[in-house]
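Listed below are the residues making up each chain.
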Amino acid sequence: MRVPLVVVRAFSEPLLLLAAFGSILLATTTLVALTMYVSSIGDAGVRRVLETAPYRETTTTVSALVNAETFQRYDRAVRDDLTAVHTALPALTTSLRSDSYVMPGQDGEKQPELLRFASHDGLDRHGRLVSGRWPETGGTVVEAVISQPVASATGFEPGREFVTEGRLDRRPVTVRVVGVFLLDDPAHGRWAGEELLSRGVEHGDYTTYGPLIVAEETFLARFATNVRATWTAEPDFGALTVERLRPLAAEIERTRERLAAAGCVNCLTAGGLPGLLTQLATASLVARSTMLIPVLQVLTLAAYALILTARLLADHRRMEVALLRSRGAGTVRLTALAAGEALLVAVPCAVVAPFLGPPLLALVHQLPWIRTSGVSLAPPVDPGAFLVSSGVALGAAALLALPSLAGTRRTYVEEQSARGRGVRGLIEKAGADLALLAVAALAVWQLRRYGAPVTATAAGGLGIDPLIVSGPALALLAGGMLGVRLVPRVSRLAERLTARRPTLAPALGTWQVSRRPLTYAGPALLLTMAVAIGILSMATVSTWRASQLDQAAHQAGADLRLSGPSAGSELGVLGRGTAFTALPGVTAASPGLRRQTEVNGEPALLLGLDAGALGELFDLRPDLSAQPVARLARALPGDLAGRLDLPGRPGTLTVRVEAPAPAPARLVLSDALGVWIDLPLGGLRAGGNRIELDLAAAAGRAGKITYPLAVRGLVADPAAGLRLAGLSADGRDVPVPPAFVSPREPGPLPVVLTAGLAASLKLEAGQTGPATVAGRVVPVTVAGVVASMPTSAPGQQALLADWETLQARELAAAQPPLPAAEWWLAVRDTAPAREILRANPQWDVTVTDRRELTAKLRDDPLAGGLQGALILGFAGALGFALLGFLANAVVAARQRGAEFAVLRALGAGPRQLFGLLVTEQAFVVGLSLATGTGLAVAVGNLVVPNLVLTGQASAVTPGVLLHIPPAATAAMLALVAGMLLAIVAGLAWRLRRARTLEER
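A.B. asks: Sorry, what's going on with the pairing of strand β22 (residues 710-716) here?
C.D. replies: Side-chain direction in a regular strand flips from residue to residue, so the side chains alternate between the two faces of the sheet. Of all seven residues that make up β22, seven are buried, and the element is covered over most of its length. The pairing of strand β17 (residues 644-645) with β22 spans two bridges and is antiparallel. Residue pairing across strands places Leu-644 opposite Val-711, the latter belonging to β22. Across six bridges, strand β19 (residues 663-670) lies against β22 in antiparallel orientation. Looking at β22, one finds that Ala-665 is bridged to Ala-716.

Dropping the structure here:
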């Protein structure tokens, strides 16, 4: 059987054929895996974000006033509309709540306790029966179930039957309690608008218990007297793709219009789903565009590696092609041979690569920071994968064949005369790298300007900008080409230095490089780009992870930040701090003020914290301030209010006040945690006044006071002339200094300002000047200036002051104390504290946990999807570098067989030949590693901070700092150098073995 000429010709050079096959297989597999990754991480990332988003952001709520007649019509309209929008009816929950009913036995009272009835379908899916059964419809007695908190507060239990009447229509209703239930998670977002259902009681002007849950048919028959019905839709996002995000958001936005057209005129819609979908559409576009950057880097490197291999193949066959030409082979025949040989290598790669992509992604998914995102990377081998692999393989085949086609028109004599004139090509193309550098600079400038690889399109939307996306790859290529210019210059310098040494190998090796710099320029450029891509990939991943820590610390401000009302029925003003500081693991705490205000008419955030605890609490990145937090803390305290400490642990206070005229007054106390409270003394009469104060109410029903307490002053009209004549704590007299009065006007308020606010006030650190804060002119002294204040929004101006100093100013101005609406806690391990807070929803606390926030940011698949693409790009870059270097080193050594024979004949031993090879290749390796590292640092500073974005595709606060991990970088460089030198050692051993065989 006759073997085709193209096959015989291809296998005549097995080494180069294997190198070409490896390069094309690596290129197709890596690029197929990258495209699979980009596609799958987008859809899976969107679904993951929607699965973990807050309940109110992933649901659509429709509400309307209904009665027994209109409910059925509105219900049908809502269901039909939601089915049309989501192509299938989402999980729909309907709830109705009645008007108020009087608690049994309290008829006729002026302010009775109240009951409410409700219907809530699906409650059995989110709660469990503690006793009894779920209610049924029918009969003259209304069956109802109640929550366990209602049972505890009212004493109702299964079997209890009573009569209640409506406060509006006075209709009596006979009710039988048939069961008690407990919600699975009372703190879940689905109960955000159902506080009565989750807590069982509401305190206000009236105390209301309930709701008493009845069947929907019963509610419509007995309680549907123009009450509000609420439909909550929970869509299934399992099949949602990125392409459906914006259309779905637009459809949900028009829900109210369609319902009004269908007859539900008073239907209102709510929910954050349209905004979330639009935000995700933008974020996914930015994420995909960002992930295209490593794709283009690998594509550029793959193209160059193939060109380098193809050039070696073409150089080796140059004389063969010339001989074929001289024997009558035409251009078409030679072109067919070159194309056939390239396709012989490329076609198997196109077939195999799609099947290698999923296993490669499975390996990437094993990385901890990819696995923790919760996204499963198991893309199918679809036609798109074969389309990508075929396109890449055909492109690779073209690159492999082109250098061979360039010499098809040369004769044997022309080829002989053209040999050795390769340096001229370098000179002729000397300006190409500068032109490429200009294009790369423009692309990088646009990336830094726009902050992401997307720009506005002509249609008004967002689109991927190809120039910006290709900027980093172009910058690496241009930088590598500029680095190649160092080869002849550095080699000549090395030649002069080694020529003075007595050893042969270094001098001969550097002379060889300086004599033929173009031969070594190709491998040097390949290695330079590979090293730069590897370091840049590691730097991007490390920078991204460090930025997540910085963002979490900035958003949280402390390990735990607890927000909520400063007082409640469960925990009062003096009880909240005691409960919070008793949480497990708390090492430092501070009450906090955090409110929006105006400074000289400019919106700003005002923070008030205990300056003494800032060093342990305040998460301020060191580069954001010229002074450390400890120094800022020492400069923040200003004029403080006086204090009269109360002995023991008093539960009551007896206050005796002398008043020259009738006037209202208040007594200001503080506890050991720094919480201030204002206790009304009522309207004082002229002369002596004696007031009894009960302190238990200040702690709340479940709260405790942290002692000792201190009296901070009397607050009244400054003209009243009040005098604290006496004070008793639990009947025990407390000496009152004669001069104990509220402080005079305090001095300047020390503050820490953000840079923008300091500039608008025209103040620098250490300077004092006036500032209008919340409408009051306040002299301030700048204790420090920070670039960004923790807990502030991006671009928001802010100022920080000492908590005690702020309270002293309020006291001096006869204003009520500032409420402790926040608590900042330093906690060793936040998990136990979080569990206690979750188990006590009645404390009404919103928790910001720095560690939880870090995990949420780190595991965001859209924001962190770039990591997986970088890992794939990093592995591909190293593979191309090793393949290219191996092929070039082997071919170069084989082409110099005669030269080595002459050197051996002149007496050069194996060690000298090995030293010669090591010198030549170590020169290339060392120069490439150094140039690649420098190139990665330069490009990284320009590009990487703009690639790290939030999950909402917005700029990061605080600003991103480039972080190149030194240990990992050094390990990678050592690994690359070791593998390359191992190739050189293997090559030297092969040459030595070949000589030994010849001698035998």
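A.B. asks: Could you clarify how one ought to interpret the sheet that holds β22 in this entry?
C.D. replies: Within a sheet, neighbouring strands are paired by backbone hydrogen bonds and run either parallel or antiparallel to one another. Strand order across the open sheet formed by four strands is β17-β22-β19-β20, with antiparallel pairing between neighbours. Taken across any chain shown, the strands that pair with only one partner, and hence form the sheet edges, are β17 and β20 (676-684). This element, helix α27 (residues 803-812), spans β19, β20 and β22 of the sheet and lies at about 15 degrees to β20.

A.B. asks: I would appreciate a short explanation of the sheet that holds strand β21 (residues 687-694) in the present structure.
C.D. replies: Reading across the sheet, the four strands line up as β21-β18-β23-β24 and stay open at both edges, with antiparallel pairing between neighbours. Each edge of the sheet is formed by a strand with only one pairing partner; in this case those strands are β21 and β24 (732-733). One ladder, built from eight bridges, connects strand β18 (residues 652-659) with β21; its direction is antiparallel. Bridge pairing in β21 links Thr-652 to Asp-694.

A.B. asks: I'm lost on the state of the cysteines in this one. Help?
C.D. replies: What makes a disulfide is a covalent bond joining the sulfur atoms belonging to two cysteines. By the definition in use, this model includes one disulfide. The disulfide partner of Cys-264 is Cys-267, and the gap between their sulfur atoms is 1.6 Å. Across the disulfide from Cys-264 to Cys-267, rotation about the S-S bond amounts to roughly 75 degrees, and the bridge is consequently right-handed. Note on accessibility: Cys-264 and Cys-267 belong to one class, buried.

Each value, and the rule that gives it
Residues numbered from 1 in each chain as written. Predicted model: local features only at pLDDT ≥ 70, side-chain atom pairs only at ≥ 80, totals over all residues. Heavy atoms only, no water. Buried < 20%, exposed > 50% of the residue type's maximum accessible area, 1.4 Å probe, protein only. Helix = DSSP H or I, 4+ residues; strand = E, 2+ residues; numbered from the N terminus. Pairing = 2+ DSSP bridges. Contact = heavy atoms within 4.5 Å. Axes fitted to C-alpha atoms, helices over the stretch in contact; angles between N-to-C directions. Disulfide = S-S within 2.5 Å.

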